[in-house]
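# Structural overview for review
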Amino acid sequence: MQALSPSPIPYTTCSSYSATTTPNPLRTRLIAPANPRLTVSNHSFSIRCNAAFSRYGTVGATRADWLSTCAIISSQQPPHAAADNTTNSSEPINGHRTLDLVPVPTTTATATATATTALKATNLPKPLSTDLSPAPMHGCTLRVAYQGVPGAYSEAAAGKAYPGCDAIPCDQFEVAFQAVELWISDRAVLPVENSLGGSIHRNYDLLLRHRLHIVGEVQLPVHHCLLGMPGVRKEFLTRVISHPQALAQCEHTLTELGLNVTREAVDDTAGAAEYVAVNGLRDTAAIASARAAKLYGLQILADGIQDDSGNVTRFVMLAREPIIPRTDRPFKTSIVFATHDNMEGKGTSSLFKVLSAFAFRNISLTKIESRPHRNRPIRLVDDANVGTAKHFEYMFYVDFEASLAESRAQNALAEVQEFTSFLRVLGSYPMDMSPWSPSSCDDQQ
C-alpha cells in the first residue's frame with residue numbers, strides 16, 4: 001500500500017533575489033542583483049523565479065542545502081555583531097515601504113550600487129529576509145503571496161484569510177507557489193474556482209506540480225465596478241478592458257447600459273485599472289474592484305455591474321507544512337488520484353469503486369474535477385474488432401467533507417488506494433463557514 005504523505009519538498013530555484021553576506025552575516029537580506037528580472041511600477045512589483053542558485057551566500061537546490069548554508073552563515077557571526085543596531089531605511093514612496101537593504105561600508109562605488117538597487121526595489125511592501133523560522137513564530141507580520149497587483153480580488157482574499165498580513169503581489173500564479181517554497185512568503189492565497197466561471201485549471205495543475213499543502217479556504221463575493229478617469233462619462237467610452245472572466249461576468253450588464261464598446265482581455269482586473277490610470281486613457285474603462293479605484297485614483301462610473309449578484313470566488317490558502325487535522329469543527333479534505341490502467345477490466349470500474357468508498361461511509365463529496373494526465377495523456381486499447389482505440393488518461397481532483405482525523409476518512413482513503421495507481425492528499429483543512437451575502441462595494445474596500 002502506497003504512502004499518503006508526500007515526498008520531501010523539492011525546492012524550485014529563483015533568480016530574482018540572491019542572499020548576499022556582509023561583514024554582519026546575520027543581517028543578510030535578499031538583495032536584487034545588478035540586472036534582476038524585477039518589474040517595478042508605481043503600484044506593483046513582480047518576481048520571476050526560474051534560474052539556479054549556488055552555495056555559500058546563496059540558496060541551495062534543496063531545503064537541506066538552504067538550512068546548512070544559513071547555519072554556516074550564523075556560525076560566522078562575531079560576538080559583537082548582535083550589538084550592531086545599524087539600519088538602512090528609506091522614506092515611503094507612493095504610500096509603500098521600500099526594501100530595507102543591508103548596510104555596507106560607505107564608499108563611492110558601494111554607495112552608487114546601493115542607491116541603484118534601492119531605486120529598482122522601491123514600492124516593495126516589506127523587506128524580504130532569510131529568516132527561516134516558521135510563520136508566525138518569527139514575530140514578524142505574516143507574509144502572504146497572491147497573484148496580481150494591489151487592488152486585485154486576490155489581495156482582498158488574502159486580507160480576509162489573514163487579517164493584517166503583509167500581502168506580496170506576484171505576476172503569475174506559479175511565482176506565488178515559488179515564493180512560499182523559497183521562504184520569501186509564509187503563505188499563498190490563490191483562486192481555484194468561481195461560481196460563474198468554473199474552475200481555474202491552471203492552479204489545479206500547479207497544485208499537483210508543487211509540494212505545498214492546502215491549510216484553509218476562503219470564499220470572497222466578487223463585486224465588479226466600471227472604472228474610468230475622473231470626469232469621464234461612460235457614454236463616451238469606446239473600450240472596456242479587464243480579466244477575461246470579469247468581462248464574461250459583466251457581459252449582459254454592459255449591453256444593458258447601452259455602451260458601444262469593444263471588450264479587450266488583460267491579465268487581471270486591478271492591472272486593467274492601473275493601465276488606464278498610468279496612461280490617462282479617457283476613452284477606456286476598466287472592470288475592477290472599488291479598492292482598485294481608490295488606489296489608482298479612478299472614478300466609479302457604474303457600481304455592481306456583475307450579471308449575477310451571487311458571484312463568489314473560492315480561494316485556497318497554501319503553506320509549506322500541513323496543519324494537524326481536528327474533529328471539533330467542520331473540515332474538508334482535498335485529494336488527487338489516478339485510476340488503474342484499463343488492464344484486466346480494472347479501468348472501467350475503478351472510478352466507481354473509488355467513489356463508492358466514500359458513499360459507503362456517508363462522506364459527502366463537494367467537488368470532483370478531471371484533468372488530462374500530462375505524463376500519459378493517451379492510452380491505447382487493443383480491440384480486434386475495431387482496431388486500436390485511443391482514450392484519454394485522467395487525474396481526478398476530489399474534495400470531501402471529512403477530516404483526516406476521522407477514522408471513516410482514513411478507512412476511505414485506505415480503500416481508495418486499492419483502486420488507484422497514484423494518490424496524494426493535497427490538504428485537510430477547516431471549511432469556510434462564514435455567513436454568505438451578496439457582494440457589495442464595501443466588501444472590496
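See the structure above.
Residues numbered from 1 in each chain as written. Predicted model: local features only at pLDDT ≥ 70, side-chain atom pairs only at ≥ 80, totals over all residues. Heavy atoms only, no water.

## Structural notes on the overall build of the protein
For the protein, the count of helices and strands is 11 helices and 21 strands. Taking all 445 residues of the protein together, 49% fall into the buried category. Nonlocal contacts in the protein, meaning residues at least 24 apart in sequence, comprise 76% of its contacts between residues at least 6 apart. Carbon together with sulfur atoms contributes 54% to the accessible area of the protein, which is approximately 21,000 Å² in total. (Helix = DSSP H or I, 4+ residues; strand = E, 2+ residues; numbered from the N terminus. Buried < 20%, exposed > 50% of the residue type's maximum accessible area, 1.4 Å probe, protein only. Contact = heavy atoms within 4.5 Å. Areas by Shrake-Rupley, 256 points an atom, 1.4 Å probe, with all protein chains shown as cover.)

## Overview of the pattern of salt bridges
Between side chains of opposite charge, a pair can form as their charged atoms come close. Taken as a whole and assessed by the stated rule, the structure comprises 18 salt bridges. Between Lys-332 and Glu-217 there is a salt bridge; the shortest N-O distance is 3.1 Å. You can see Lys-332 sitting in strand β16 (residues 331–339) and its partner Glu-217 sitting in strand β9 (residues 213–221), a full 115 residues away along the chain. Glu-217 gets classed as buried once you look at its relative accessible area, which sits at 7%. We note a salt bridge from Glu-251 to Arg-263, for which the minimum N-O separation is 3.7 Å. Remark: Arg-263 occurs in strand β12 (residues 262–265) and Glu-251 occurs in helix α7 (residues 251–256); sequence separation between them is 12 residues. According to the relative accessible area criterion, Arg-263 is partly exposed, its value standing at 29%. (Salt bridge = Lys/Arg side-chain N within 4 Å of Asp/Glu carboxyl O.)

## Things to note about the pairing of strand β11 (residues 239–242)
Burial along β11 is two-sided: Arg-239 and Ile-241 and Val-240 and Ser-242, pointing in opposite directions, are all buried. Direction of pairing for β11 relative to β12: parallel, over a ladder of 4 bridges. The partner of Ser-242 across the bridge, within β12, is Ala-265. In the sheet, β11 pairs with strand β13 (residues 284–288) via 3 bridges, with the strands oriented parallel. From the neighbouring strand, Arg-239 faces β13, where its bridge partner is Thr-284. (Pairing = 2+ DSSP bridges.)

## Remarks on the sheet that holds β13
Spatially, the 5 strands line up as an open sheet ordered β12-β11-β13-β10-β14, and their pairing is mixed. The open sheet has two edge strands with one neighbour each: β12 and β14 (299–303). Recorded for the sheet is a direction-independent mean angle of 30 degrees between the axes of neighbouring strands. Most of the contacts of helix α8 (residues 269–279) go to β13, to which it runs at about 150 degrees, and overall it touches β10 (225–228), β11 and β13. (Axes fitted to C-alpha atoms, helices over the stretch in contact; angles between N-to-C directions.)

## Observations concerning the sheet that holds strand β20 (residues 394–400)
Pairing is antiparallel in the open sheet, where 4 strands are placed in the order β17-β20-β16-β21. Whereas interior strands pair on both sides, the edge strands pair on one side only; in this sheet they are β17 (365–372) and β21 (420–430). Neighbouring strand axes in the sheet, compared pairwise and without regard to direction, differ in orientation by 15 degrees on average. Sheet topology places β16 next to β21; 9 bridges connect them, and they run antiparallel. Paired with Phe-337 across the two strands is Leu-423, which belongs to β21. On top of the sheet, helix α11 (residues 407–417) reaches β16, β20 and β21; it is set at about 160 degrees to β21, its chief contact.

## Comments concerning α11
Turning to α11, its buried residues are Ala-409, Ala-412, Leu-413, Val-416 and Gln-417. Each buried residue of α11 lies within a common arc of 140 degrees when the element is viewed along its axis, so the set occupies one face. (Arc of directions from axis to C-beta.)

## Observations regarding the nonpolar core
Ranked by internal contacts, the top residues of the largest apolar core, which has 35 residues, are Leu-226, Leu-227, Val-240, Leu-254, Ala-273, Ile-287 and Leu-298. Within the residue set of this core, elements represented by two or more residues are β10, β11, α6 (244–249), α8, β13, α9 (290–296) and β14. In contact with Ala-273, not counting residues within four places along its chain, are Leu-227, Ala-286, Ala-288, Ala-292, Tyr-296 and Leu-298. Among the nonpolar cores identified, the runner-up in size contains 25 residues, and Val-192, Leu-206, Val-316 and Val-336 belong to it. (Core = buried A, V, L, I, M, F, W, Y, C linked by side-chain atoms within 4.5 Å.)

## Here's the deal with the environment of Ala-286
Tracing the sequence through the fold places Ala-286 in strand β13. Judged by its relative accessible area of 0%, Ala-286 is buried. The sequence separation of Ala-286 and Ser-242 amounts to 44 residues, and the corresponding C-alpha distance is 5.7 Å. Sequence-distant contacts of Ala-286, that is, excluding residues within four places in its chain, are made with Cys-225, Leu-226, Leu-227, Ile-241, Ala-272, Ala-273 and Val-276.

## Overview of the packing of helix α4 (residues 173–181) against helix α5 (residues 201–209)
It is the contact of α4 with α5, at a shortest axis distance of 10 Å, that shows an interaxial angle of 30 degrees. Classed by the angle they form, the pair α4 and α5 counts as roughly parallel. Along this stretch, α4 crosses α5, giving a crossing that reads as right-handed. On α5, the residues that touch Phe-173, Glu-174 and Phe-177 of α4 are Arg-202, Asn-203, Leu-206, Leu-207 and Arg-209. Partitioning the contact of α4 with α5 into residue classes produces 4 nonpolar, 1 polar and 3 charged. (Parallel < 35°, antiparallel > 145°, perpendicular 65-115°, else oblique. Left-handed = near helix turned anticlockwise from the far one by under 90°. Nonpolar A, V, L, I, M, F, W, Y, C, P; charged D, E, K, R; others polar.)

## Description of α4
For α4, the tally of buried residues reaches 8 of 9 residues, placing the bulk of the element in the interior. Within the span of α4, buried status applies to Glu-174, Val-175, Ala-176, Phe-177, Gln-178, Ala-179, Val-180 and Glu-181. Elements that come into contact with the buried residues of α4 comprise β5 (143–147), β6 (166–170), β7 (187–194), α5 and β15 (312–319).

## Quick word on the packing of aromatic side chains
The final tally for this structure, using the stated rule, is 4 aromatic pairs. Summarising the aromatic geometry, the rings of Phe-337 and Phe-396 are spaced 5.6 Å apart at their centres and angled 25 degrees between planes, so their arrangement reads as stacked. With Phe-337 in strand β16 and Phe-396 in strand β20, this residue pair connects regions lying 59 residues apart in the sequence. Where Phe-358 meets Phe-400, the ring centres are 4.9 Å apart and the plane angle is 40 degrees; that geometry is what we call tilted. Of this pair, Phe-358 sits in helix α10 (residues 347–359) while Phe-400 sits in strand β20; the two residues are 42 residues apart in sequence, bridging distant segments of the chain. (Phe/Tyr/Trp six-rings, centres within 6.5 Å; stacked < 30°, edge-to-face > 60°.)

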